[in-house]
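# Structure assessment
Chain by chain, the residues run as shown.
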Amino acid sequence: MSDLQAAVAAGVLGAEDGYRSLLQATVEVARAIFSARASSVFMLDDERDELVFEAVAGEGASELIGRGFPSSTGIAGWVLVTRQPLVVDDVTADTRFSQEAAESTGYVPKSVMAVPLLVEERALGVLEVLDRRADARVTLAEVDLLGLFANQAAIALDLLQRGRRARAAFEGRGELASLARVAARIESGEGPQRDAALQLLSALERLVGP
Amino acid sequence: MGVTAHESYEEELPAWSLPADARDRIRLPVEWPDRVTREWAWGGSTGAGVRVCILDSGVELDHPLVGPVQRSVAVVRGDEGLRVVENDEGDLCGHGTACAGIVRALAPDCELASARVLGAGYTGGGEILLAGLEWAIEEGFQIVNMSLSTTKRNYVERLHELADRAYFRRTMLVASAHNMPVESFPWRFASVISVGSHEDPDPHTYYYNPSPPVEFFARGVDLDVAWLDGASLRCTGNSFATPHIAGICALVLAKHPELTPFQLKSVLSLTAANVGAAA
């Protein structure tokens with residue numbers, strides 16, 4: 001393994017763990033601030049068109065990570081497609097939702113606060129807070145607070161996704177895999193072949209523009 | 001006599017100047033009262049005859065809180081691009097039904113239509129949103145409820161053009177404001193009515209915001225909205241404040257069909273709970 005590969009590997013692999021911890025910390029704090037039973041972050045998986053549990057605090061925490069459901073159904077799906085935060089206070093009145101939740105997570109919440117995770121112009125997923133403290137009706141201040149958490153979670157999710165893409169490239173699974181392999185070979189090459197490769201690379205750089 | 005949207009748009013007038021003999025043609029003899037009150041603006045109105053389009057996830061047909069839906073279409077992607085087709089699938093996620101129910105509650109006799117631009121596989125469908133909005137403008141709806149927004153910058157210019165076209169053709173776009181730290185549209189445009197939430201329980205209470213981009217606040221906290229399968233749910237969100245203003249616009253236009261979007265906005269501001277005599 002070249003020095004470049006080793007450096008990239010250390011950065012990429014370490015970064016993913018760090019970003020995952022940041023995301024987990026965000027849902028833990030969201031759960032604590034709202035005195036809620038659970039809080040989760042769902043990431044939109046474009047290829048599967050699913051929302052996937054990426055971080056969970058509280059109820060169902062350990063077994064839900066990685067589980068997904070269709071991206072445009074349920075409360076999270078509604079929030080994702082409309083880009084608008086939503087608070088529902090009596091979810092159990094929606095039998096369809098309750099049944100789906102019970103089947104997929106084994107836990108049926110009474111109330112759900114959900115907010116889209118937006119970075120620049122992309123919707124990356126949804127943050128949910130389930131069964132916040134029951135002693136007060138929801139206020140706009142709470143919705144704004146949820147928006148602030150969403151901003152933080154969105155940044156963490158974005159970093160996590162970037163880390164994964166870099167890792168996929170490094171490990172030869174993603175579409176940038178060949179680029180990563182070429183970089184590694186240039187790094188480990190020597191003599192005229194390496195010089196020629198570097199010239200070709202700078203020509204390519206000029207071709208694709210600044 | 002007021003002119004309708006299509007007449008005013010299609011008339012081949014030299015629109016950019018006013019010759020002396022043309023003055024009579026643009027007379028708008030609205031009988032404005034000394035003071036514009038809620039009673040004058042929409043007292044006794046049921047929204048009868050006003051055509052409102054819900055641009056959303058579809059509307060559940062036969063929902064008891066929504067009542068009759070005169071037209072239901074969906075924008076779909078086919079081999080030859082996007083098409084607007086009749087939609088008999090109703091609502092895919094419940095959002096459009098919730099919005100339709102709120103408009104219906106405020107304006108029981110308005111005509112409701114649904115154009116589905118959100119739903120299964122529609123995530124990020126900016127083109128679909130634009131196509132649906134264009135359809136609604138061409139159809140000449142007086143009010144289009146948009147409890148949604150896009151964050152895609154490459155659609156902003158076309159969305160802006162459509163919002164202005166709607167404004168000049170007497171289609172009032174009523175759009176949800178986004179209280180999150182991102183840029184989204186169309187609610188930021190001056191040619192739409194943008195709506196955020198207040199915490200009062202009265203569906204007829206609205207506030208004018210002198211510090212835009214959010215121009216009005218309406219009921220959006222802790223209210224019962226129509227949900228899928230004939231149900232209702234207690235919800236909070238700007239998505240629900242928006243159809244409150246759309247419904248009140250329907251009340252005003254039923255009573256004063258001659259009002260342009262510019263005048264309608266003015267009437268709303270003059271009758272807001274925090275403005276002038278009403279404050």
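All figures in this text were calculated on a predicted structure; none of them were measured in a lab. (Residues numbered from 1 in each chain as written. Chains lettered and ligands numbered in written order. Predicted model: local features only at pLDDT ≥ 70, side-chain atom pairs only at ≥ 80, totals over all residues.)

The next subject is the overall build of chain B. Within chain B, the regular secondary structure consists of 7 helices and 11 strands. In terms of C-alpha radius of gyration, chain B reaches 18 Å, essentially the compact-globule figure of 19 Å for 279 residues. Expressed along its principal axes, the backbone C-alpha trace of chain B runs to roughly 55 × 45 × 40 Å. Out of the 279 residues in chain B, the part that is buried amounts to 50%. Here the analysis covers contacts within chain B between residues at least 6 apart in sequence; of these, 71% occur between residues at least 24 apart. (Helix = DSSP H or I, 4+ residues; strand = E, 2+ residues; numbered from the N terminus. Rg over C-alpha atoms; globule rule 2.2 N^0.38 Å. Buried ≥ 20, exposed ≤ 12 C-beta atoms within 10 Å, placed from the backbone. Contact = placed C-beta atoms within 7 Å.)

Let us now look at the overall build of chain A. Looking only at helices and strands, one finds 7 helices and 6 strands in chain A. A total of 210 residues make up chain A; the buried ones form 37% of that total. Sequence separation of at least 24 residues holds for 55% of the intrachain contacts in chain A that already meet a minimum separation of 6.

Here the focus is the nonpolar core. Residue and element names in this part refer to chain B. By size, the foremost hydrophobic cluster in this structure holds 135 residues, and its most contacted members are V103, V174, C249 and A250. Examining the composition of this core, we find that 11 residues originate from one element, helix α6 (residues 238–255), more than from any other. Setting aside residues up to four positions removed in sequence, V174 forms contacts with I143, V144, N145, M146, V192, I193, V195, T242, I245, A246 and C249. (Core = buried A, V, L, I, M, F, W, Y, C linked by C-beta atoms within 7 Å.)

Now for the sheet that holds strand β11 (residues 232–236) of chain B. Taken in spatial order, the 8 strands make up an open sheet running β3(A)-β2(A)-β1(A)-β6(A)-β5(A)-β4(A)-β11(B)-β10(B), and their pairing is antiparallel. On the outer flanks of this sheet lie β3 (68–70) of chain A together with β10 (223–226) of chain B, each paired with one strand and no other. Strand after strand, the sheet turns through a mean of 30 degrees between neighbouring axes, direction not considered. The pairing of strand β1 (residues 38–45) of chain A with strand β2 (residues 50–58) of chain A spans 8 bridges and is antiparallel. Considered in β2(A), the bridge of A:D45 is made with A:E50. (Pairing = 2+ DSSP bridges. Axes fitted to C-alpha atoms, helices over the stretch in contact; angles between N-to-C directions.)

A few words on the environment of A:V115. Residues and elements named next belong to chain A. As for its placement among the helices and strands, V115 is situated in strand β5 (residues 112–119). The exposure class assigned to V115 is buried, which follows from the 28 C-beta atoms found within 10 Å. Note: C-alpha distance between V115 and L64 (51 residues apart in sequence) is 19 Å. Those residues within four positions of V115 in sequence are excluded, and the remaining contacts are V79, P85, L127, L146, G147 and A150.

This part takes up the interface of chain B and chain A. The partner chain A presents 33 residues to the 40 residues of chain B that form the contact. Looking at the side of chain B that touches chain A, the elements that each hand over two or more residues are β11 and α6 of chain B. With 4 residues, β11(B) is the largest single contributor of residues to the side of chain B that touches chain A. For the side of chain B that touches chain A, the per-class residue count stands at 15 nonpolar, 19 polar and 6 charged. (Nonpolar A, V, L, I, M, F, W, Y, C, P; charged D, E, K, R; others polar.)

Next up on the list: helix α3 (residues 74–82) of chain A. All names here are of chain A. Within α3, 9 of the 9 residues are buried, which leaves the element mostly enclosed by the surrounding structure. Among the residues of α3, those classed as buried are G74, I75, A76, G77, W78, V79, L80, V81 and T82. Positive backbone phi, at 65 degrees, marks R83, one or two positions downstream of α3.

Let's shift gears to the domain arrangement of chain A. Here chain A is described as being made up of domain 1 (22–167) and domain 2 (175–208). Distance from the C-alpha centre of domain 1 of chain A to the C-alpha centre of domain 2 of chain A: 42 Å. (Domains from an automatic or database assignment.)

All names here are of chain B. As summarised here, the arrangement of the 9 strands in space is β3-β2-β4-β1-β5-β6-β7-β9-β8, forming an open sheet in which the pairing is mixed. Bordering the open sheet on either side are β3 (81–86) and β8 (207–208), each of which pairs with just one other strand. Looking at chain direction, strand β5 (residues 143–146) and strand β6 (residues 172–176) are connected through 4 bridges and run parallel. Within the sheet, the bridge partner assigned to N145 lies in β6 and is V174.

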